[in-house]
Amino acid sequence: MVSKARLLLGLLLGIVPTLGAAPEPAAPRPAPRPPNLLLFMVDTLRADVLGCYGNERIRTPEIDALAAEGTVFVHANAPVPATRPSIASLMTGVPADVHGVFSHQHVLSGQVAGLPRLAERLAARGYTTAALVANPNVDRVFGFARGFDHYEGLYETRHGRRPATSRDLVSDAAVVVSRARALIAELEPRRPWFLFVLAIDPHAPYTPPAPFDRIYNPLLAGSKLGKMSAVLDFDQRLKEGENPSPLAMRTLYEGEVSFVDREFGRLLGKLRESGELDHTLVVLTADHGEEFAEHGHRGHGKTLYEETTRVPLILRHPRWFRHAVRRERVDLLDLSATLLAVAGAQVPAFWTGRDLRGPLGQRSVVSSNHFGEYSSIAIRRGNLKLIKDDTSGAVEVFDLEADPAEKSPLRGDALEAARATLAARLDAYRKQVAALKAKLARTAVESEDEPVPEGIEKTLESLGYVGGKKR
Ligand SMILES: [Zn+2]
């Protein structure tokens, strides 16, 4: 028997007497809430224009500050150097060779059966899922909204306003970030959220707002040299074998980068103010890069040189992604797997991406491209990279350490040795893709089956896509 006095004393001291029985199990502590996930993707952002990736001229203080507190993946690649296929891979966790969305004729619709989506998996884990996209190439009509509670295209035509210039057809980063800030304020604070933000500023036309049009060259104030008509004229001259200077366009592109950097800082400011920053995994990346005649082309979706496929990848979280610089070869498929793993959601067994928190070791990273007349595949392993042009059959191998600009393909014995190793890896990749495709038995759907609203068509044209195709 336990006396009343002893019981009272026990209660006062916070000690529950055992009464001779087995102790009560302690109440389970609530599982910690999974972190919010902010995925900020900058369309067409090359890694090498950022200060934290070694650029000493272009000013990107906000992204550099994120890098100073987070983990920088130095060698990150896009699976495809084009918006729709690259984001399709990010959202499905599989290479474009599997999901089949390569060009602007393909849509990622519900008919791509058997492919779980990143957002669906997060929603099943209890996340509120939202997307704000400023590139109509991933509009909901192309099948990208599945799994999102909220999916919003930020193109002026969709808001019913009459655009003043072609540039106004898509919203700039100031509009996108203001919308993102407002959305974060509206989100239910007790549920974790996943917010995918796609800003489009560095994409052609290269027309940064003042003062970013003149920060790297005062003579470019108000310049028309980055307008779509000038860009397409430049492309035509390249095609005709001329050697036009890309300097003005490139400088205006850099102005766009600094502009989007400032706006990204405004978005992080919102998380800091609300005390959510340390409860959020912040990711900054890009869907692909941009070439400025380094290898005879401008834009993206044409070649697989590093200027079009090497993207920034920075993750910040006070527990999992503290300040570090990692040099393993990674790609956006690894990011898909990481977002699910960090959230405690189930990563599909057939995904090839790896959790970026863990060791990654030596691995091969593949990019592929099938876009109109352009068709090629690239594989990187260690310092070596092989690019095979499917149309001409030409194969080039580069040592990216010795020749990061990919100007001097290997020759002789060095070429033969490297080619044998990489070709074997590429064969293994192709077998893996074929097996997965057979398993999933999916097909990409021609966009002719899905009428594209006129507003979207017009906006795509303003970005240099004609009839849905890239010129
Ligand atoms: Zn893009």
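Analysis parameters
Numbers given to residues run from 1 along each chain, matching the order in which its sequence is written. Per-residue local features are limited, in this predicted model, to residues with pLDDT of at least 70; the limit for side-chain atom pairs, both in listing and counting, is 80 or more; totals at the level of whole chains, interfaces and linings are taken over all residues. Side-chain numbers come from the whole structure's heavy atoms, not from hydrogens or water. Only nitrogen, oxygen and sulfur atoms qualify as donors, provided they sit within 2.8 Å of the metal or within 3.2 Å for Na, K and Ca; with water excluded from the atoms, sites may seem incomplete. The classification of residues rests on relative accessible area computed with a 1.4 Å probe and restricted to protein chains. Under 20% of the type maximum is buried, over 50% is exposed, and intermediate values are partly exposed. Numbering of helices and strands starts at the N terminus; helices are DSSP runs of H or I of at least 4 residues and strands are runs of E of at least 2. Take the number of residues in a helix, subtract one, and multiply by 1.5 Å to get its expected span. Any two residues having at least one pair of non-hydrogen atoms within 4.5 Å are treated as being in contact. Pairing of N or O atoms within 3.5 Å defines a polar contact, subject to two protein rules: one partner must be a possible hydrogen donor and the other a possible acceptor, and residues neighboring in sequence count only if both atoms are side-chain atoms. Only buried Ala, Val, Leu, Ile, Met, Phe, Trp, Tyr and Cys residues count toward a nonpolar core, and they belong to the same one when joined by side-chain atoms within 4.5 Å. Only C-alpha atoms enter the line fits that serve as axes; for helices the fit covers just the stretch in contact. Angles between N-to-C directions range over 0 to 180 degrees. Take the far helix as the reference: if the near one is turned anticlockwise from it by less than a right angle, the crossing is left-handed, and if turned clockwise, right-handed. Think of it as three bins: nonpolar holds Ala, Val, Leu, Ile, Met, Phe, Trp, Tyr, Cys and Pro, charged holds Asp, Glu, Lys and Arg, and polar takes everything else, Gly as well. Note on definitions: salt bridges are taken to be side-chain nitrogens of Lys or Arg within 4 Å of carboxyl oxygens of Asp or Glu. Here a strand pair is declared whenever DSSP counts at least two bridges between the two strands. An angle below 35 degrees is treated as roughly parallel, one above 145 as roughly antiparallel, one from 65 to 115 as roughly perpendicular, and anything else as oblique. Any two of the Phe, Tyr and Trp rings considered here, Trp counted by its six-membered ring, make a pair once their centres fall within 6.5 Å; the pair's planes then place it as stacked at under 30 degrees, edge-to-face at over 60, or tilted in between. Charge-over-ring placement is defined geometrically: NZ (Lys) or CZ (Arg) within 6 Å of the ring centre, and within 35 degrees of the ring normal.

**Brief notes about the coordination of the zinc ion**
Coordination of the zinc ion by the protein involves Asp43 (OD), Thr83 (OG1), Asp287 (OD) and His288 (NE2), with metal-donor separations of 2.0 to 2.1 Å. By relative accessible area, which is 0% here, Asp287 ends up buried.

**Quick notes on helix 6 (residues 173-186)**
Here helix 6 is 14 residues long and its end C-alpha atoms lie 20 Å apart, about the 20 Å a rise of 1.5 Å per residue gives. Buried positions along helix 6 lie against strand 1 (36-42), strand 4 (128-133), strand 5 (150-153), strand 6 (193-199) and helix 8 (247-273). Two or three places before Ala174, at the start of helix 6, stands the capping residue Asp172, its side-chain oxygen 3.0 Å from that residue's backbone nitrogen.

**Observations concerning the nonpolar core**
Formed by 124 residues in total, the largest nonpolar core has its most connected members in Phe194, Leu195 and Phe196. If you tally residues by element for this core, the top one is helix 8, at 10 residues.

**Digging into the packing of helix 3 (residues 83-92) against helix 10 (residues 332-343)**
In a pair of packed helices, the angle between the axes and the distance between the axes together describe the arrangement. Direction vectors running N to C along helix 3 and helix 10 enclose 30 degrees, while the axes themselves pass 7 Å from each other. Crossing handedness for the pair helix 3 and helix 10: right-handed. Along its contact with helix 3, which presents Ser86, Ser89 and Leu90, the element helix 10 presents Leu332, Leu333, Leu335 and Ser336. A class-by-class count of the residues in the contact of helix 3 with helix 10 yields four nonpolar, three polar and no charged.

**Notes on the pattern of salt bridges**
For side chains bearing opposite charge, pairing can occur when the charged atoms are close. Tallying each qualifying case throughout the model produces 26 salt bridges. Residue Glu242 is joined to Arg237 by a salt bridge in which the shortest nitrogen-to-oxygen separation is 2.9 Å. Judged by relative accessible area, which is 38%, Glu242 ranks as partly exposed. Two residues, Glu306 and Lys385, come together in a salt bridge whose shortest N-O distance is 2.7 Å. Residue Glu306 is found in helix 9 (residues 306-309), and its partner Lys385 is found in strand 15 (residues 384-389); the two are separated by 79 residues along the sequence. Several salt bridges converge on common partners, so that one network encompasses Arg46, Asp48, Arg57, Arg250, Glu254 and Glu294.

**Notes on the sheet that holds strand 16 (residues 395-399)**
Strand order in this open sheet of four strands is 13-14-15-16, and the pairing throughout is antiparallel. The two strands at the open ends of the sheet, each matched to only one other strand, are strand 13 (364-371) and strand 16. Neighbour-to-neighbour, the strand axes of the sheet open up by a mean angle of 15 degrees, direction not taken into account. Lying over the sheet, helix 11 (residues 412-440) contacts strand 13, strand 14 (374-381), strand 15 and strand 16, oriented at roughly 110 degrees with respect to strand 14.

**Considerations on the pairing of strand 1**
Burial analysis of strand 1 places seven of its seven residues in the buried class, the great majority of the element. Residues Asn36, Leu38, Phe40 and Val42 of strand 1 are buried on one face, and the alternating residues Leu37, Leu39 and Met41, pointing to the opposite face, are buried as well. Across six bridges, strand 1 lies against strand 6 in parallel orientation. Residue Leu37 lies in a different strand from strand 6, and its bridge partner there is Phe194.

**With respect to the packing of helix 2 (residues 61-69) against helix 8**
Where helix 2 meets helix 8, the closest approach of the two axes is 7 Å, and the angle between their N-to-C directions is 50 degrees. Accordingly, the angle class assigned to the pair helix 2 and helix 8 is oblique. Facing Pro61, Glu62, Ile63 and Leu66 of helix 2, the residues of helix 8 in contact are Asp261, Arg262, Phe264, Gly265 and Leu268.

**Side note on the packing of aromatic side chains**
All chains considered together, the criterion is met by eight aromatic pairs. When the ring of Phe148 is compared with that of Phe194, the centres are 5.9 Å apart and the planes differ by 25 degrees; the resulting orientation is stacked. Residue Phe148 is located in the loop between strand 4 and strand 5, and its partner Phe194 is located in strand 6; the two are separated by 46 residues in the primary sequence. Ring centres of Tyr206 and Tyr253 lie 6.1 Å apart, and the angle between their planes is 80 degrees; this geometry places the pair in the edge-to-face category. One end of the pair, Tyr206, is in the loop between strand 6 and helix 7 (228-239); the other, Tyr253, is in helix 8, and 47 residues separate them in sequence. With relative accessibility at 0%, the residue Tyr206 sits in the buried group. Residue Tyr253 is classed as buried on the basis of its relative accessible area, which comes to 0%. Aromatic ring contacts, followed pair by pair, group Phe148, Tyr151 and Phe194 into a single cluster. When the ring centre of Phe142 is taken as origin, the NZ or CZ atom of Arg84, which lies over that ring, is 3.7 Å away. The cationic tip of Arg357 hangs over the ring face of Trp320; the distance from NZ or CZ to the ring centre is 5.0 Å.

**Remarks on unusual backbone geometry**
Residue Pro205 follows Ala204 across a cis peptide bond; omega there is 0 degrees. Mapping Pro205 onto the fold places it in the loop between strand 6 and helix 7. Here the amide bond leading from Ala210 into Pro211 is cis, since omega sits at 0 degrees, within 30 degrees of zero. Within the element layout of this structure, Pro211 appears in the loop between strand 6 and helix 7. Here the phi dihedral of Thr44 falls at roughly 70 degrees; this positive angle occurs in a residue that is not glycine. Counting through the fold element by element, Thr44 comes out in the loop between strand 1 and helix 2.

**Thoughts on the side chain of Ser336**
Here Ser336 is to be found in helix 10. A relative accessible area of 0% places Ser336 in the buried class. Reaching out from Ser336, the side chain makes a polar contact with the backbone oxygen of Leu90 at a distance of 2.8 Å. Dropping the residues within four chain positions of it, Ser336 is found in contact with Ser89, Leu90, Gly93, Leu118 and Trp351.

**Observations regarding the side chain of Ser375**
With respect to the helices, strands and loops of the structure, Ser375 is situated in strand 14. You can call Ser375 buried: its relative accessible area is 18%. Of note is the side chain of Ser375, whose polar atom sits 2.7 Å from the side chain of His370. Contact partners of Ser375, with chain neighbours within four places excluded, come to Asn369, His370, Lys388, Asp389, Asp390 and Thr391.

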